[in-house]
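Here's the letter readout for the chains.
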Protein chains: 4
Amino acid sequence: MIKVLVWNEFMHEKDADNKASEIYPEGMHKCIADFLSKEDDIEVTTATLDDENCGITRERLRETDVIIWWGHCGHDKVPDEVAAMVQEEVLNGMGAIFLHSAHKSKPFMRLMGTSCSLTWRESDDFERIWVSAPGHPIAQGLGRYFELEGEETYGEPFGVPAPDETVFVGWYDKGEVFRSGLTYVRERGKIFYFQPGHETYPTYKNPDVQKVITNAVRWAKPVCRIDNCMDCPHVPPVK
Amino acid sequence: MIKVLVWNEFMHEKDADNKASEIYPEGMHKCIADFLSKEDDIEVTTATLDDENCGITRERLRETDVIIWWGHCGHDKVPDEVAAMVQEEVLNGMGAIFLHSAHKSKPFMRLMGTSCSLTWRESDDFERIWVSAPGHPIAQGLGRYFELEGEETYGEPFGVPAPDETVFVGWYDKGEVFRSGLTYVRERGKIFYFQPGHETYPTYKNPDVQKVITNAVRWAKPVCRIDNCMDCPHVPPVK
Amino acid sequence: MIKVLVWNEFMHEKDADNKASEIYPEGMHKCIADFLSKEDDIEVTTATLDDENCGITRERLRETDVIIWWGHCGHDKVPDEVAAMVQEEVLNGMGAIFLHSAHKSKPFMRLMGTSCSLTWRESDDFERIWVSAPGHPIAQGLGRYFELEGEETYGEPFGVPAPDETVFVGWYDKGEVFRSGLTYVRERGKIFYFQPGHETYPTYKNPDVQKVITNAVRWAKPVCRIDNCMDCPHVPPVK
Amino acid sequence: MIKVLVWNEFMHEKDADNKASEIYPEGMHKCIADFLSKEDDIEVTTATLDDENCGITRERLRETDVIIWWGHCGHDKVPDEVAAMVQEEVLNGMGAIFLHSAHKSKPFMRLMGTSCSLTWRESDDFERIWVSAPGHPIAQGLGRYFELEGEETYGEPFGVPAPDETVFVGWYDKGEVFRSGLTYVRERGKIFYFQPGHETYPTYKNPDVQKVITNAVRWAKPVCRIDNCMDCPHVPPVK
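Below or above, wherever it landed, is the structure these notes cover. (Residues numbered from 1 in each chain as written. Chains lettered and ligands numbered in written order. Predicted model: local features only at pLDDT ≥ 70, side-chain atom pairs only at ≥ 80, totals over all residues. Heavy atoms only, no water.)

## Quick word on the interface of chain A and chain D
Contact with chain A, which involves 33 residues of that partner, is made by 33 residues of chain D. When the two sides are added together, the surface that chain A and chain D hide from each other amounts to roughly 2500 Å², 59% of it contributed by carbon and sulfur. At the level of secondary structure, the elements contributing two or more residues to the side of chain A that touches chain D comprise α4 (80–92), α5 (106–112) and β5 (119–131) of chain A. The dominant element in the side of chain A that touches chain D, judged by the number of residues it contributes, is α5 of chain A, at four residues. Residue composition of the side of chain A that touches chain D, grouped by class: 16 nonpolar, nine polar and eight charged. (Contact = heavy atoms within 4.5 Å. Buried area = accessible area lost by both parts, 1.4 Å probe. Helix = DSSP H or I, 4+ residues; strand = E, 2+ residues; numbered from the N terminus. Nonpolar A, V, L, I, M, F, W, Y, C, P; charged D, E, K, R; others polar.)

## Let's talk about the sheet that holds strand β6 (residues 145–155) of chain D
Residues and elements named next belong to chain D. Pairing within the open sheet is mixed, and its nine strands lie in the order β2-β1-β3-β4-β9-β8-β7-β5-β6. Each edge of the open sheet is held by one strand with a lone partner, namely β2 (42–48) and β6. Looking at each pair of strands side by side, their axes are set apart by 25° on average, direction ignored. Looking at chain direction, strand β7 (residues 165–172) and strand β8 (residues 177–186) are connected through five bridges and run antiparallel. Its bridge partner being in β8, Trp171 is matched across the sheet by Val177. (Pairing = 2+ DSSP bridges. Axes fitted to C-alpha atoms, helices over the stretch in contact; angles between N-to-C directions.)

## Some thoughts on the pairing of strand β6 (residues 145–155) of chain C
Looking along a regular strand, one sees the side chains alternate between the two faces of the sheet. Residue and element names in this part refer to chain C. Within β6, eight of the eleven residues are buried, which leaves it mostly tucked inside the rest of the structure. Examined bridge by bridge, strand β5 (residues 119–131) and β6 share eight bridges and lie antiparallel to one another. Across the sheet, the residue bridging to Trp120 is Tyr154, located in β6. (Buried < 20%, exposed > 50% of the residue type's maximum accessible area, 1.4 Å probe, protein only.)

## As for the pattern of salt bridges
The tally for this structure, following the rule as stated, stands at 56 salt bridges over all chains. The partner of Arg218 of chain C in a salt bridge is Asp41 of chain C, and the shortest N-O contact between them spans 2.7 Å. One end of the pair, Arg218 of chain C, is in helix α6 (residues 207–220); the other, Asp41 of chain C, is in the loop between α2 (28–37) and β2 (42–48), and 177 residues separate them in sequence. Residue classification places Arg218 of chain C among the partly exposed positions, given a relative accessible area of 31%. Three or more residues are tied together by salt bridges with common partners; here these are Arg58, Arg62, Glu88, Glu89 and Arg225 of chain A. (Salt bridge = Lys/Arg side-chain N within 4 Å of Asp/Glu carboxyl O.)

## Considering the packing of aromatic side chains
One pass over the full model with this rule turns up 54 aromatic pairs over all chains. Ring geometry for Tyr24 of chain B versus Tyr204 of chain B: centroids 6.4 Å apart, planes at 40°, classification tilted. Here Tyr24 of chain B, found in the loop between α1 (20–23) and α2 (28–37), pairs with Tyr204 of chain B, found in the loop between β9 (189–194) and α6 (207–220); they are 180 residues apart in sequence, far enough to count as distant. In terms of burial, Tyr24 of chain B and Tyr204 of chain B fall into one category: buried. The rings of Phe98, Phe108, Tyr154, Phe158, Phe178 and Tyr193 of chain A are connected pair by pair, giving a single aromatic cluster. (Phe/Tyr/Trp six-rings, centres within 6.5 Å; stacked < 30°, edge-to-face > 60°.)

## Comments concerning the side chain of His198 of chain C
Residue and element names in this part refer to chain C. Following the sequence through the fold, His198 ends up in the loop between β9 (189–194) and α6. Here His198 falls in the buried class, since its relative accessible area comes to 1%. Within the local environment of His198, its side chain forms a polar contact with the side chain of His100, the two groups lying 3.3 Å apart. Within the structure, His198 has its side chain in polar contact with the side chain of Glu152 (distance 2.7 Å). In contact with His198, other than residues within four places in its own chain, are His100, Glu122, Glu151, Glu152 and Thr203. (Polar contact = N/O pair within 3.5 Å; in protein donor to acceptor, adjacent residues only side chain to side chain.)

## Things to note about the relation of the copies chain A and chain D
Once chain A is rotated about the relating axis by 180° and shifted along it by 0.0 Å, it coincides with chain D to within an RMSD of 0.0 Å. The superposition of one copy onto the other is thereby described by a two-fold rotation axis. Across chain A, the rotation axis passes nearest the C-alpha of Gly113 of chain A, at a separation of 2.4 Å. Taken as a fraction of all interface residues of chain A, those also at the interface in chain D reach 100%, which identifies the copy contact as same-surface. (Least-squares fit on C-alpha atoms with pLDDT ≥ 70 in both.)

## A few points about the relation of the copies chain C and chain B
Superposing chain C onto chain B takes a rotation of 180° combined with a translation of 0.0 Å along the rotation axis, leaving an RMSD of 0.0 Å. Comparing interface residues between copies, 100% of those in chain C also sit at the interface in chain B, which points to an isologous, same-surface contact.

## Overview of helix α4 (residues 80–91) of chain D
All names here are of chain D. Counted at 1.5 Å a residue, the expected span for α4 with its twelve residues is 16 Å, and the 16 Å between its end C-alpha atoms agrees. For α4, the tally of buried residues reaches nine of twelve residues, placing the bulk of the element in the interior. The set of residues buried in α4 consists of Val82, Ala83, Ala84, Met85, Val86, Gln87, Glu89, Val90 and Leu91. Residues of α4 that are buried make contact with α3 (58–62), β3 (66–70), β4 (95–99), α5 (106–112), β8 and β9 (189–194). (Expected span 1.5 Å × (residues − 1).)

## Regarding the sheet that holds strand β8 (residues 177–186) of chain C
Two orientations exist for strands paired in a sheet by backbone hydrogen bonds: parallel and antiparallel. Residues and elements named next belong to chain C. With respect to topology, nine strands assemble into an open sheet ordered β2-β1-β3-β4-β9-β8-β7-β5-β6, the strand pairing being mixed. Edge positions in the sheet fall to β2 and β6, since each of these pairs with one other strand and no more. Put simply, the sheet's adjacent strands are angled 25° from each other on average, direction ignored. Against the sheet, helix α4 (residues 80–91) engages β3 (66–70), β4 (95–99), β8 and β9, with an angle of about 120° to β9. The strands touched by α6 within the sheet are β1 (2–8), β2, β3, β4, β6, β7 (165–172), β8 and β9, with β9 carrying the most contacts at an inclination of about 165°.

## Some details on the environment of Gly159 of chain D
Its location among the elements puts Gly159 of chain D in the loop between β6 and β7. Of the residues examined, Gly159 of chain D reaches a relative accessible area of 7% and is grouped as buried. Distance in space between the C-alpha atoms of Gly159 of chain D and Ser117 of chain D is 4.9 Å, their sequence separation being 42 residues. Contacts of Gly159 of chain D, omitting those with residues within four sequence positions, involve Glu187 of chain A together with Thr114, Ser115, Cys116 and Ser117 of chain D.

## Thoughts on the side chain of Arg179 of chain D
Position of Arg179 of chain D relative to the elements: it lies in strand β8. Side-chain polar atoms of Arg179 of chain D contact the side chain of Glu156 of chain D, separated by 2.9 Å. One polar contact links the side chain of Arg179 of chain D to the main-chain carbonyl oxygen of Phe158 of chain D, over a distance of 3.2 Å. Ignoring sequence-local partners within four residues, the contact set of Arg179 of chain D consists of Ser132 of chain C together with Glu156, Phe158, Pro163, Thr166, Phe168 and Val169 of chain D.

## What about the interface of chain C and chain B?
Facing the 33 residues of chain C at the interface are 33 residues of chain B. Summing the contributions of chain C and of chain B, the shared interface buries around 2500 Å²; its carbon and sulfur component is 59%. The three residues of chain C that bury the most area against chain B are Trp120, Cys232 and Val235 of chain C, which together make up 19% of that side's buried surface. At the boundary of chain C with chain B, the tally comes to zero salt bridges. Applying the counting criterion to the chain C and chain B interface returns 24 residue pairs in polar contact (both at pLDDT 80 or more). Every element with two or more residues in the side of chain C that touches chain B is listed here: α4, α5 (106–112) and β5 of chain C. Top contributing element to the side of chain C that touches chain B by residue count: α5 of chain C, with four residues. Its residues assigned to classes, the side of chain C that touches chain B comprises 16 nonpolar, nine polar and eight charged.

## Concerning the pairing of β9 of chain B
Residues and elements named next belong to chain B. Of all six residues in β9, five are buried, a share of seventy percent or more. Judged from the four bridges that link them, strand β4 (residues 95–99) and β9 form a sheet pairing that is parallel. Bridge pairing in β9 links Ile97 to Phe192. As defined by bridge partners, strand β8 (residues 177–186) adjoins β9 across six bridges and the pair is classed as antiparallel. Each bridged residue has a counterpart across the sheet, and for Thr183 the counterpart in β9 is Phe192. What sits between the antiparallel neighbours β8 and β9 is a turn of two residues, in which Glu187 has the positive phi angle 55°.

Below you can see the structure in the form of structure tokens.
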């Protein structure tokens, strides 16, 4: 079983004035956990800002194969210690999937080392997401592209390191492009950034989006796991 | 002085039925040579399929700092020996800029090692080319994007190795995206692929396109140059 | 089952004056096939220069999940058409492992696009191979390093594109270093270059070397497979 | 003029019991500043932990083209705010060269996003540093390798992202290897990590080491510079 922890700040969905409260009354994490739980090889738990210490402990992360992260207005409410723990466990081997506005989350920014900036606009744009790496495990089972009737527009430049692979490139009908699916290896951990998922659209109910996230979970599961990537061992001469 | 050799198959422009003959009566190579020649630090010569052995000799390539290549229907008319010479001189340090349909030229395919395939359509699409690496030398002096009223549409997936940097991403009004500017280092040579330039549009007369190509020439000029990258020297123990 | 085709030029082992004939009387391909065949999930066949058309047909490659290639003096005896077929099937999804002197084989050079040159010396050097990417699937089950009592020394610079990951770095007791294990993705195909395996040493009988090659087979097996990477499809507008 | 700021924690050299106090009585920063100042196109200032706020202000960094960083025991004495400022200015375009034990400095770790861990030993090892990317600007003017009579041994695995280019690989006579010169681009900034320079050896007085650092300064100088990489601008539709 692949043990997945879906983390969501869970703020917009509790705001009755925000469309998110209608679309995801129990939170986006619940929606994501639900479709992942249907897979025979995936086991899901969730955590949010409402939980003590964000619901994150070293022990829990060590039992997690892949963490999925959604955050936006609450980025600063995540303590630096929690963000550092997530970063370290990724380097120790845990997989990580960062969704949409998590591009500015503390754990993602720490792992990338860059600004992770982009341009944006909420104007009900239509998005067509092209598969640019059709051989990648994350793109299996999709056609040449898939579409989202409405999404927040994210535009280039995206302030991240050159990715290992650009799996998806997004086209927006009002004129922008965005590298919408990017993979990274950082020490023992695999990282996938995926752009779709603004809280005011039912993006995580879209079957293609669900397929991408499910594929990404399987791709990101650990090859191996260590306890202590931060150590710099003193070593004797070999012989 | 940076010595540039602009190579063009020069077929479409001699076909009176092809719009290219109106737009570039003397050939695209002449148009490109003309705008580059205005730069104080650049010196240009040209060659075409009409020249003996494509106008390419080992000696000429060794005196060339940067080669620019445009080809389409005539890819197969370039002898393998000529393509191999161009490939070797790039590995020896010569810069190379491949334009538009040169994605399927023999020298580019040899350097990439991949299919260099893509999807395409001629339907008078409007293209907006976004700068995705604004810090790259090739993107200097441009705004956030530039536009071409008409271009052939090229679409993903583009069958090339993951690039060192994705400098440009193209947006087409009929719905495609394409990684329009890609850089590679291959041994001592720098390589830039640039998508715009279908023969039936006045693309190489566009000031932004000219700026990109001029920047790319300066970026691709050799750092150092050797004669014999193909050698595998036998070496004695160091001491 | 992962279907592996071990290809070996099989020249040195048939030369009674060459130590290889004692170490590998039935050929290195037989030795490699033997240890791989012990794995429950791997099925092996072999081919050599002695077979018609190198034992390689399009059909056979399409039924092959991972090809392993050893060549040296016979590189030029492999027809260009065979090398092109191997290259294309890798781009179509077949995994490929290139061993030792296969760095100058036609299929590897075509896939890399570079000289693949290096420095070398036969002086009975001891080699210690360090794991530089301990989280990579190919490095699982190894210690921090493994050792070969004797190997041909390969030295830098190695004329290949920057790899996706440098899995191993070799240390030789007479003073050289070499990037001994490198991974590449090229379209749908995964490629692993592995330096050990000079014909006059029993390298492929070494348990660590066997573990590396076995891991590499599992790593390189196809994610997906297509028929026609070379096609550039004309596409109608999406809507 | 390229404006260089050499930053050194300057602790070991003030400790009379440490050999560093004999080799670099005025500090390693002074030694580095001295050889760089001999170049016509380079202008140097220095700063240390003894200066208020590490001698680092936003204004000073904005006037700096390339920062060189040496740190070891004092990593934790550098305030997080200073480290964040250095990181941001690199992303804004400032070049950065991290020397030896600066692999665990706060600015380098923030830029890499990884553990930056390695193995190490002080046992008076001899090091031979091989040029693995002879075409790189940083390697110009060197032979195939250069040597250091004594250095602290650094060993793999080195916990950093896959570099853009591996310029140097170190060989140590007691059996280790290390990727000794690595380049990265992070948004508008260029980064070079260079392994030599333990405080108890006169490494920075070595002419080859001086050539590498001088080359690296010229390579890392900004292409362009911005003020605000951290911004995520809201953008209106293009038209």
